[in-house]
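# Structural features, examined
The chain contents come next:
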Protein chains: 2
Amino acid sequence: MARQIFDDAEYDRRIERTSDRMAERDLDAIVVTDPANMNYLTGYDGWSFYVHQAVVLAAEREEPVWVGREMDANGARATTRLSEESIRAYSDDHVHSPVDLHPMDYLTGVLEELDVADGRIGLEMDAAYFTAKSYTRLQKNLPDASFEDTTLLVNWVRIEKSSQELEYMRQAARISENAMRAGLDAIEAGVPEYEAARAIYDALIGGADGYGGDYPAIVPLMPSGDHTGTPHLTWTDREFEEGDPVIIELSGCRHRYHSPLARTTFVGDPPAEIERTAEVVVDGIEAALDAVEPGVTCEAVERAWRETIAAHGIEKEDRIGYSMGLGYPPDWGEHTASLRPGDETVLEEDMTFHTIPGIWGDDFGVEISETFRVTSDGAEPLAEFPRTLFST
Amino acid sequence: MARQIFDDAEYDRRIERTSDRMAERDLDAIVVTDPANMNYLTGYDGWSFYVHQAVVLAAEREEPVWVGREMDANGARATTRLSEESIRAYSDDHVHSPVDLHPMDYLTGVLEELDVADGRIGLEMDAAYFTAKSYTRLQKNLPDASFEDTTLLVNWVRIEKSSQELEYMRQAARISENAMRAGLDAIEAGVPEYEAARAIYDALIGGADGYGGDYPAIVPLMPSGDHTGTPHLTWTDREFEEGDPVIIELSGCRHRYHSPLARTTFVGDPPAEIERTAEVVVDGIEAALDAVEPGVTCEAVERAWRETIAAHGIEKEDRIGYSMGLGYPPDWGEHTASLRPGDETVLEEDMTFHTIPGIWGDDFGVEISETFRVTSDGAEPLAEFPRTLFST
C-alpha cells in the first residue's frame, strides 16, 4: 500500500498546472529528471538519483510514467499512486554498464510507446542528474523528435505552496529551531567542529513534536574563523577557538520540505565591530521582510536590504535569497525567483523564500537568515528564533 | 593556510597518472566535473556541487585549474595547494541566472586562456552534475574544439588506493562498525524508524578513536518489512513491528573516503526460512571473498558467489559489488569495475570493493556486505563485524 504524503486532489492540481504550461509551449511530453520535480508530480521518494531515472508527462495521458531501475520500481509502488502500467523499469545491466547500454535507451522505448517519439519533447537541460550523455543519447535514438529546454518548467509550478506543503515546511521549521539551538549550545572553545555537527544532526533526525526529520538536501554548514567568508566548507576535526566567529546554516526537513535557518555565533566575547555588523544585518533583514507583500517584486525586497545597510555606510549588491521548499541533494533551492537586482518576479501569496543576507569584514562574516511565506499583506517567518548575534 | 589531507607527492602521482591517460588518448585538456574527481586531483572539498564547477587539467600545464563560484574560491584556497592563478571564479550573476549567462561561458574563457580552445577536450559526459546544457553551451562557445567522452578517465585512476587512502578507509570502517552497532541496538518493536536513523547518525558524525566522521555520500538506508526488496527508501515515522526484517546499509566517511557495511536484522525471533537464507548469504559472500586475489577477474568473484548459492538451490545472476572509496552525494561508488557477469576487470592489489549480495524471498530480503581491499594474496575486509543475521 502506497503511503501518500498529499491527497489525490493535490497531485491532480500539480499535473494540471504543469500540463497547462506544456500546452502553452505546445509540448507533447516532458522528461522530468530533477528528483524534486519527480517527487512533486508523483510523490516518488527514494535515494535512487545516483542512477538515471525520470518521470514522463505526456500531453495525451493523464497519469505520469515513472521510469527507473528495476530494484527501485518497488520504491515507486511504495511511494506513489501510479498504476502498474505507469511504473517502467530497466534491467540492471543498464547501470554503469561496461557495454553500450544506457538507461536513456530504455526511456526511448517508453517515449515511443507513448507515441511522442516524433513530437516536441521537453528536457530539463540544466538540471543536476540530466547528463550530457543522456541528452546525446536521446538525440541519437530519436532523430525525429524536437527537443525543447524545459529546465525550470515544473520548478515554476512549485513556487506557490499549498496549505499542506506549508504545513510540512512549518514542521521543518520546528526541527530547524531545535537543531539551531543544539548547534549553538554545542559550540565552545575546545570543542571539535564535528561534535557541533553531531549535536545538530541529533536534532535534525530526532525531529520535533513526535515526528521525525528527513535528511536535508544540504548538510549543516558551519564555516568558522577566517572561513566565514566561504560558506560551503563542512565540519572538520578542528577545535573551535576563542575569537572564532561561526556561521551555522542548516535546515530541518519534513517529507522533503525544508525551512532553512542561519545564525552567527562568536566563541568568547564578540568584538564591538562584529556586534555592530550584526546589528546592521538584523536591520537589513528586517527591512527586507517589511518590504514583502503580494505585488512587490523580488528586486524591491533586495533593494530594501541594500538601502538599509547603505544608510550604515555599507555598499554591496548581492543575491540575498531564493525561492525554496521541496528538495533533494545537492540543493533545497528551486532555482527560479531570486531576491536580487534585476529579478522582476512579482511576489504572490504562499510563495516561500529563504533570505540569507550577510556582511563580511576582513576576517569575519555575519549572516542571519529567515525562511518566510508571503502572506496576503506581508511576510511570515516560519521559524521563531531570536534574530541576533549569539556568543558562547 | 590550506589543510592538506595528502602530501604533495600523492597529488603529483595522481596528476601524472591522469596525464598519462590523457596522452594515450591524445587529449589537450580534460574538464573534470565529478566532485570526487575534482577532490582527487586537487583536494578541493566543499558542498558547492549544486552550482557548476570544474577542475581543468591541461596537457601543457602541470597545475590543474579550479573553476567555480566566487564565494567558493576561498574554499579552494582553504582545501587545495593550488596557486592563486589556478583558482578561477565566476561572479554570482552566473548562478541560476535569469539572463543568458552560464558558468560554462566563464569556463570557456579559461579554456581559451589555456590555449586549448581548438584542441581535443575531454568531458565527463555521463557524470552527475555535468548537465546537457553545460555540454551544448561548450559546443556553441567552442566551435573549433573537438570533444571526447572521458567520463570515467579519472575514476579508473582512482581504482588502486594509496596507503594513505587505505588509512582513511580503515578509519571510515571503524565509524561504520560503531554506526552499525548503534543501528542494531536501536531497532526494536515500537521504535520509529527515524530513531534508528538518529542513533546511526550519532555514530557516523561522532566518529571513532577521537576523530570525527564526515557526511557520507549516501544516507543510511534501512528498508524494512515488505520494503526490504527495494533498497533505496529512507526512514519514516513508521514504528518497527514484530516480524519485520530490516536491512541496514550505511557507511562511515573520513576525508570523503568510505567503507560501506550492510547487515540484516529481524524484529523478534526470525523464522527458520530467514535464518536459512542468511546462512546461504554468508556462505556465498565468504566464497566470493575467498575467490579474491590479484589476477582474478571481477566476474570470477561473482561466479564464486553464484555457484555457492546455486548449491543451495538458489539461481540468480546479479551485480554483487563495485569499486568504491572517495565520494560525494549522490554516490560512493566509482562506476568502474563491478563484480558481475561479463566484467573482465582483473583485480590488482589495493583495489577496494564493496560487495553487497542479497537474496530475496516473497516478503523479505537478506543482505550482508563487506568492504574489502585486494591484498597480495586475498581479500582484507576493512570492518570487523559479525557476519550473521541479527535479531532484536
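Numbering of residues starts from 1 in each chain and follows the order in which that chain's sequence is written. Each chain takes a letter, starting from A, and each ligand takes a number, starting from 1, following the order in which they are written. At least 70 in pLDDT is required for a residue's local features to be given in this predicted model, at least 80 for side-chain atom pairs to be given and counted, and no such filter applies to totals for whole chains, interfaces and linings, which use all residues. Each side-chain value is worked out from all heavy atoms of the structure, with water and hydrogens disregarded.

## What about the overall build of chain A?
Here a strand is any run of E in DSSP of at least two residues, a helix any run of H or I of at least four, and the numbering for each starts at the N terminus. Scanning chain A for helices and strands turns up 10 helices and 16 strands. Two things to know: the radius of gyration comes from C-alpha atoms, and the globule rule equals 2.2 Å times the number of residues to the power 0.38. Its C-alpha atoms give chain A a radius of gyration of 22 Å, near enough to 21 Å, the size a compact globule of 392 residues would have. Seen through its principal axes, chain A has C-alpha atoms that stretch 70 × 45 × 40 Å. For the exposure calls, accessible area comes from a 1.4 Å probe over protein chains only, and a residue counts as buried if that area is under 20% of its type's maximum, exposed if over 50%, partly exposed in between. Burial status across chain A gives 65% buried among its 392 residues. Only the protein chains shown count as covering a residue, and every accessible area follows the Shrake-Rupley method with a 1.4 Å probe. For chain A, the accessible area works out to roughly 13500 Å², and carbon and sulfur atoms hold 42% of it. Averaged over its 33 positive side-chain charges, chain A has a centre that lies 3 Å from the centre of its 77 negative ones. Here the positive residues are Lys and Arg and the negative ones are Asp and Glu; neither His nor the chain ends is included. Positions of charges follow a simple convention, taking NZ of Lys, CZ of Arg, CG of Asp or CD of Glu.

## Thoughts on the side chain of histidine 258 of chain B
Residue and element names in this part refer to chain B. As for its position among the elements, histidine 258 is in strand β8 (residues 257–266). By relative accessible area, histidine 258 is classed as buried at 0%. Only 3.0 Å separates the side chain of histidine 258 from the backbone nitrogen of alanine 217, close enough to count as a polar contact. Apart from residues lying up to four places away in sequence, histidine 258 is in contact with Met169, Ala172, Pro216, Ala217, Ser251, Gly252, Cys253, Met324, Gly325, Leu326, Gly327 and Trp332. Think of a polar contact as two N or O atoms within 3.5 Å of one another; within protein, one of them needs to be a possible hydrogen donor and the other a possible acceptor, and neighboring residues in sequence only count if both atoms come from side chains. Only heavy atoms matter for contacts: two residues are in contact if any of them lie within 4.5 Å across the pair.

## Quick notes on the relation of the copies chain B and chain A
Here the copies are matched by least squares. The fit uses the C-alpha atoms of residues with pLDDT of at least 70 in both. Between the two copies, chain B and chain A, the superposition gives an RMSD of 0.0 Å; the rotation angle is 180° and the shift along the axis is 0.0 Å. What we have between these two chains is a two-fold relation. Mapped onto chain A, 100% of the interface residues of chain B again fall at the interface, so both copies present the same surface.

## Notes on the packing of helix α1 (residues 8–24) of chain A against helix α2 (residues 35–42) of chain A
All names here are of chain A. Inter-axis angles, ranging from 0 to 180 degrees, are taken between N-to-C directions of lines fitted to C-alpha atoms, where helices are fitted over the stretch in contact. Orientation of α1 relative to α2, taken along the N-to-C sense of each, is 120°, at an axis distance of 7 Å. When the axes of α1 and α2 are compared, the pair comes out oblique. Residue-level inspection shows Tyr11, Arg14, Ile15 and Thr18 of α1 in contact with α2, the latter providing Asn39, Tyr40, Leu41 and Thr42. Put simply, Ala, Val, Leu, Ile, Met, Phe, Trp, Tyr, Cys and Pro go in the nonpolar bin, Asp, Glu, Lys and Arg in the charged bin, and everything else, Gly too, in the polar bin. Split by residue class, the contact of α1 with α2 holds four nonpolar, three polar and one charged. Under this scheme an angle from 65 to 115 degrees is roughly perpendicular, one under 35 degrees roughly parallel, and one over 145 degrees roughly antiparallel; angles in between are oblique.

## What to know about the interface of chain B and chain A
For interface size, the figure often reported is the accessible area lost on association. On the side of chain A, 69 residues touch chain B, which itself brings 69 residues to the contact. Taken together, both faces of the contact between chain B and chain A bury some 5800 Å²; the carbon and sulfur share is 57%. In short, buried area is how much 1.4 Å probe accessible area vanishes from two parts on joining, totalled over both. Contact with chain A buries area across many residues of chain B, yet Trp47, His96 and His232 of chain B alone supply 12% of it, more than any other trio. Definition used for salt bridges: Asp or Glu carboxyl oxygen within 4 Å of a side-chain nitrogen of Lys or Arg. Notably, a salt bridge pairs arginine 254 of chain A with aspartate 237 of chain B, separated by 2.8 Å at the nearest N-O pair. There are 42 residue pairs in polar contact (both at pLDDT 80 or more) connecting chain B and chain A. At the level of elements, α3 (70–79), α5 (132–141), α8 (193–206) and β10 (331–338) of chain B are the ones that each hand at least two residues to the side of chain B that touches chain A. In terms of residue count, the dominant contributor to the side of chain B that touches chain A is α8 of chain B (seven residues). Taken together, the residues of the side of chain B that touches chain A sort by class into 29 nonpolar, 23 polar and 17 charged.

In short, geometric facts, not functional conclusions.
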